[in-house]
Amino acid sequence: MVELDRASKWFGDVVAVSEVSFRLGPGVTALLGPNGAGKSTVLRLVCGLASPSQGEVRIFGGDPRADHRLYRRLGLVPQQQALFDAMTALRFVALTASLHGVTAPEAMAAEALCVVELDPGDGRGLETYSKGMRQRVKVAQALVHDPELLVLDEPLDGLDPRQRARLIGLFRRLGEEGRCVLVSSHVLDEVERWGSRVLVLAQGRLAAEGDFHAIRDLMEDRPRRIRLRTDRPQALGAELLGAGAVAGVTVTGPDAVVVDTVDGAAFRRMVAPAARAAGARLLELVPLDDDLESVFRYLVGR
Amino acid sequence: MALLWRTLVGAGAGRGRLIGLAALGVVAVLLGANLGADAPGGPLEHGAALVSAYGLSLLVPVVTLVFASSVLGDPSEDGTLVYLWLQPVPRWQLVLTALGAALTLALPLTVVPLALAATASGGGLRLVTATVVSCTIGVIAYAGVFAWLGLRVRRALLWGVLYVLVWEGFVARAGDTVALLALRTSTRSVLGHLSGTTTAGAEGSLVVSVAILLLAGAGGFALTVRRLTRQEVA
């Protein structure tokens, strides 16, 4: 349904996306990356909102920039918050339904609003809606014409946990029904709930691609710096160093030691036995570079 | 497309904007009423001069600029254009609907007060007819050009005002060739020919003037379609 072939996009001297290639079929695919990684640009390329500076983008076998008829099969939840504020939610969603040639646009719009738990009879203008409600209106307008391809740019932004869970369930179900759902996120934990396929984008490049669990393992097995809180930091540090579980040890206080691992998985296996052998109580274990930025930097550098 | 047209009309019809532009129209009517039938040169000449100097030189271009430049320009700047752009609708239909919305707002706020001003000036049916025709064609011409400008540049209102006041107001007076690039020359020519007056400035033939205005409108429409098709949307 979606195919990017060495697609690049640059704005002046700034390269937003560099030679990204992937193919998507039915199911949910998460586009994961830190802010500024190029996720929104990739989604804009997929939707035809931007043309690639180099390479090719195709959806349903056609060029989304050149063939507006393809939009009949596409639904987008854009990242920006702007809506036609003077309109009611029902009228706004009905506008999309109407332009997509949906029969009974108002009825379908009402149905789509119910799916996202908004009241179709609400006569207030969209300018009065909270961020979460506006987000759900955007989702309703993307769903109202029952598209085969759903592109979601940070769709859970501003939603409460219950709405997040509900929409994740909805999108997963749409994927299971055979639609292609491409969703972007910069939250690793959130992506785990989307489903199995992940594209990791970092610094405009496709850093990793595949099953979520494989990528998570890859992320977790990277070198990292960890602070251990213990009653015997010197003894524990020496034991870990001796066991070959860490590459470096720095005692930073009377109850703290910072270690540099080279193999995250091996460290996890060895840390408890090492503490036992050192006669140390392990009170806390805190990764110091566990933010997504460092994860992505690692993936890009591999 | 009717719902889209209603949406765009609603988006363009801000209360403050309507009141402000309607006030410009009221000024035209008051000026027309105050000319009086005993004005030197006769009411027809003076009515035509008023419609030409105030209506075609200021009211028509400014009112049309406000609505036409914002009808697609505002969505482009505030990020809502994506909701229009991603519809499975030919781009020319989107632009035509947008221009329809702009004309819906601009025509009543220009043609009606200027026709009333022409009536109030005592210029008679001939002047009123000439006013309605020249205003209508002028609004159509300016709408096409300013809709394109709204998509093409940021702060289109400022650029449009500069065009109206500086280019049409001063530069275009420098010579006949430059004057051809000012729509005002053609709208005034249409008014002059149809009203049979001289103060309006009946330069060139009526047919050529009408053709220039219609071509400007159509050219602006075509450029807007081309711009919308090629534009990258945020």
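Residues numbered from 1 in each chain as written. Chains lettered and ligands numbered in written order. Predicted model: local features only at pLDDT ≥ 70, side-chain atom pairs only at ≥ 80, totals over all residues.

1. Quick word on the overall build of chain A
The cut-off we apply is this: Secondary structure elements are defined from DSSP: runs of H or I of at least 4 residues count as helices, runs of E of at least 2 residues count as strands, and each element is numbered from the N terminus. Exposure classification rests on a simple neighbour count of other C-beta atoms within 10 Å of a residue's own: a residue reaching 20 or more is buried, one at 12 or fewer is exposed, and one in between is partly exposed. C-beta atoms are placed from the backbone. Residues are treated as contacting if the C-beta atoms built from their backbones sit within 7 Å of each other.
A tally of regular secondary structure across chain A gives 10 helices and 13 strands. Along the first, second and third principal axes, the C-alpha set of chain A runs to 75 × 45 × 35 Å. Counting over 302 residues, chain A shows a buried share of 45%. In chain A, 68% of the contacts between residues at least 6 apart in sequence involve partners at least 24 apart.

2. Some thoughts on the interface of chain B and chain A
Rules: Polar here means any residue other than Ala, Val, Leu, Ile, Met, Phe, Trp, Tyr, Cys and Pro, which are nonpolar, and Asp, Glu, Lys and Arg, which are charged; Gly is therefore polar.
In this complex, chain B contributes 19 residues to the contact, which on the side of chain A involves 23 residues. Taken together, the residues of the side of chain B that touches chain A break down into 12 nonpolar, 5 polar and 2 charged.

3. So, the nonpolar core
Put simply, the test is: Connectivity within a nonpolar core runs through C-beta atoms within 7 Å, and the core itself is a set of buried Ala, Val, Leu, Ile, Met, Phe, Trp, Tyr and Cys residues.
Judged by nonpolar contacts, the single largest core of 150 residues is most densely connected at Val93 and Leu182 of chain A together with Ala102, Ala106 and Ala143 of chain B. Beyond its immediate stretch of four places on either side in the chain, Ala106 of chain B contacts Val63, Thr64, Phe67, Ala68, Val139 and Ala143 of chain B.

4. Looking at the domain arrangement of chain A
To keep it simple, the criterion reads: Domain start and end points were adopted from an automatic or database domain assignment.
By domain assignment, chain A separates into domain 1 (2–219) and domain 2 (222–301). Each of domain 1 of chain A and domain 2 of chain A has a C-alpha centre, and these two points are 39 Å apart.

5. Quick word on the sheet that holds strand β7 (residues 180–185) of chain A
Residue and element names in this part refer to chain A. To be explicit about the condition: Only strands joined by at least two bridges in the DSSP assignment are considered to pair. Each axis is a line fitted through C-alpha atoms, and for a helix only the stretch in contact is used; angles between axes span 0 to 180 degrees, taken between their N-to-C directions.
Reading across from one edge, β5-β6-β7-β3-β8-β9 is the order of the 6 strands in this open sheet, with mixed pairing throughout. Where the open sheet ends on each side, the last strands, each with one partner, are β5 (74–77) and β9 (205–211). Averaged over all adjacent pairs, the angle separating strand axes in this sheet is 15°, with direction ignored. Along the sheet, helix α4 (residues 131–143) contacts β5 and β6 (149–153); its crossing angle with β5, the most-contacted strand, is approximately 175°.

6. What about the packing of helix α8 (residues 233–243) of chain A against helix α9 (residues 264–278) of chain A?
Residues and elements named next belong to chain A. For the record, the criterion: Each angle receives one of four descriptions, namely roughly parallel if under 35 degrees, roughly antiparallel if over 145, roughly perpendicular if within 65 to 115, and oblique otherwise. Note on convention: near helix rotated counterclockwise from far helix by under a right angle means a left-handed crossing. Clockwise means right-handed.
At their nearest, the axes of α8 and α9 sit 9 Å apart, and the two run at 125° to each other. Taken together, the axes of α8 and α9 lie oblique to each other. With respect to the hand of their crossing, α8 and α9 are arranged in right-handed fashion. On α9, the residues that touch Ala235, Leu236, Glu239, Leu240 and Ala243 of α8 are Met270, Val271, Ala274, Ala275, Ala277 and Ala278. When the residues that make up the contact of α8 with α9 are grouped by side-chain class, the tally is 10 nonpolar, no polar and 1 charged.

7. Comments concerning the pairing of β9 of chain A
Relative to β9 of chain A, strand β8 (residues 197–202) of chain A runs antiparallel, the two being bridged by 6 bridges. Residue pairing across strands places Arg197 of chain A opposite Asp211 of chain A, the latter belonging to β9 of chain A.

8. So, the packing of helix α3 (residues 43–78) of chain B against helix α7 (residues 156–168) of chain B
Residue and element names in this part refer to chain B. At their nearest, the axes of α3 and α7 sit 10 Å apart, and the two run at 150° to each other. Overall, the two elements α3 and α7 adopt an arrangement that is roughly antiparallel. Like other packed secondary-structure pairs, α3 and α7 cross with a definite hand, here right-handed. Mapping the contact onto sequence places Pro61, Val62, Leu65, Val66, Ser69 and Gly73 in α3 and Ala156, Leu157, Gly160, Val161 and Val164 in α7.

9. What to know about the sheet that holds strand β13 (residues 282–287) of chain A
Residue and element names in this part refer to chain A. Across the sheet, 4 strands lie side by side as β11-β12-β10-β13; this open sheet has antiparallel pairing. The two strands at the open ends of the sheet, each matched to only one other strand, are β11 (248–253) and β13. Averaged over all pairs of adjacent strands, the angle between their axes in this sheet comes to 25°, without regard to strand direction. In this sheet, β13 lies alongside strand β10 (residues 224–230) in antiparallel orientation, the contact comprising 5 bridges. Considered in β13, the bridge of Arg227 is made with Val286.

10. Digging into the pairing of β11 of chain A
Residues and elements named next belong to chain A. The sheet contact formed by β11 and strand β12 (residues 256–261) spans 5 bridges and is antiparallel. Each bridged residue has a counterpart across the sheet, and for Gly248 the counterpart in β12 is Asp260. Hairpin remark: β11 followed by β12, antiparallel, with 2 residues in the connecting loop.

11. Notes on α8 of chain A
Residues and elements named next belong to chain A. Quick note on the threshold: For this quantity, the arc is that covered by the directions from the helix axis to the C-beta atoms.
Of the positions making up α8, those classed as buried are Pro233, Leu236, Gly237, Glu239 and Leu240. The buried residues of α8 occupy an angular sector of 165° when projected down its axis, which confines them to one face. The inward-facing, buried residues of α8 contact β10, β11, β12 and α9. Once α8 ends, the next one or two residues include Gly244, with phi positive near 75°.

12. What to know about helix α6 (residues 124–152) of chain B
Working note: α-helix, 3.6 residues per turn, so residues spaced by three or four point in the same direction. Where we set the bar: The span expected for a helix works out to 1.5 Å for each residue beyond the first.
Between its first and last C-alpha atoms α6 of chain B spans 42 Å; for 29 residues at 1.5 Å apiece the expected length is 42 Å, and the two agree. Counted residue by residue, α6 of chain B has 21 buried out of 29 residues, so it is predominantly covered.

13. With respect to the environment of Ala243 of chain A
Residue and element names in this part refer to chain A. Within the secondary structure, Ala243 sits in helix α8. Residue Ala243 is classed as partly exposed on the basis of its 17 C-beta neighbours within 10 Å. Considered as a pair, Ala243 and Gly279 are 36 residues apart in the sequence and their alpha carbons are 15 Å apart. Leave out the neighbours within four places in its chain, and Ala243 touches Met270 and Ala274.

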